[in-house]
Amino acid sequence: MATKKPVQKKVEKELNSWIGEIEKYSRQIWLAGLGAFSKVSKDGNSLFDELVKDGEKAQKLAKTNVNKQVEAVKTSVDSAKSKVEEVKDKAVGKWNELEEAFDKRLNSAISRLGVPSHNEVKTLQAKVELLAKQIEKLTGVSIKPAKSAAAKPAAKAPARKPAAKPAAKAPARTARPAAKTAPAKPAATPAVTPTAPV
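Small disclaimer: the values here were computed from a predicted structure and weren't measured.

1. Some thoughts on the overall build of the protein
Step number 1: When its secondary structure is counted, the protein shows two helices and zero strands.
Step number 2: Of all 198 residues assigned to the protein, the portion counted as buried reaches 1%.
Step number 3: Carbon and sulfur atoms form 63% of the exposed surface of the protein, whose accessible area is close to 20,100 Å².

Here it is as structure tokens:
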């Protein structure tokens, strides 16, 4: 029991000092509150007006800061947009240059291989049509233009079914009217180009 009493006394002493400190601080807080109340009651209206003025100043300052930041963001967005447009224009220009270079090389390779160009094919088509019209005038037979292979895809052959019944005679086809034939012409002779005398 003797050991418990000194420890207990020590704890009680610390507790009492701690409680004393709390009492001291709470009294100071109470006095500060009373002082603030008495000051407000004396200078209340003028203090309130000063606080309102300070609040208005703070609000104006905050608005100007926000406006400055908004303007800074707008200018940075505008500059970013202009940079993007520049890069886009450069990319489109480079792409067009690349396409032109590719077209030139492709056309060069095609012409070296002897493949006719689009314009050459159109010219030949026009000549064939002109020749067909001249043949029609000379012979009096109408010539239907051949359909291009690209315009009409090849038709698929129908699948054949095994014949279950003996095949019946096919009905006779009606004869087409014979086309007017031109009088026979002598065989064409190869064209000989005249050579200049040596």
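2. As for a nonpolar patch on the surface
Step number 1: On the surface, a nonpolar cluster with roughly 390 Å² of combined accessible area is contributed by L15, W18, I19 and I22.
Step number 2: Checked against the element boundaries, W18 lands in helix α1 (residues 4-113).

3. A closer look at the environment of S142
Step number 1: Residue position: S142 is located in the segment after α2 (118-139).
Step number 2: Spatially, the C-alpha atom of S142 lies 8.7 Å from that of A132, the residues being ten residues apart in sequence.

4. So, the confidence of the model for the protein
Step number 1: Of all residues in the protein, 70% have pLDDT values of 70 or greater, and the mean over the chain is 75.
Step number 2: Across residues 149-153 the pLDDT falls below 50, and counting only partners more than four positions away or on other chains, this stretch makes zero contacts in the model.
Step number 3: With pLDDT under 50 throughout, residues 186-196 is counted as low confidence; its partners more than four residues away or in other chains account for zero contacts.

Cut-offs used in this document
- Residues numbered from 1 in each chain as written.
- Predicted model: local features only at pLDDT ≥ 70, side-chain atom pairs only at ≥ 80, totals over all residues.
- Heavy atoms only, no water.
- Helix = DSSP H or I, 4+ residues; strand = E, 2+ residues; numbered from the N terminus.
- Buried < 20%, exposed > 50% of the residue type's maximum accessible area, 1.4 Å probe, protein only.
- Areas by Shrake-Rupley, 256 points an atom, 1.4 Å probe, with all protein chains shown as cover.
- Patch = residues over 30% accessible without salt bridge, like charges linked within 9 Å, V, L, I, M, F, W, Y side chains within 5 Å.
- Salt bridge = Lys/Arg side-chain N within 4 Å of Asp/Glu carboxyl O.
- pLDDT = per-residue confidence, 0-100.
- Contact = heavy atoms within 4.5 Å.

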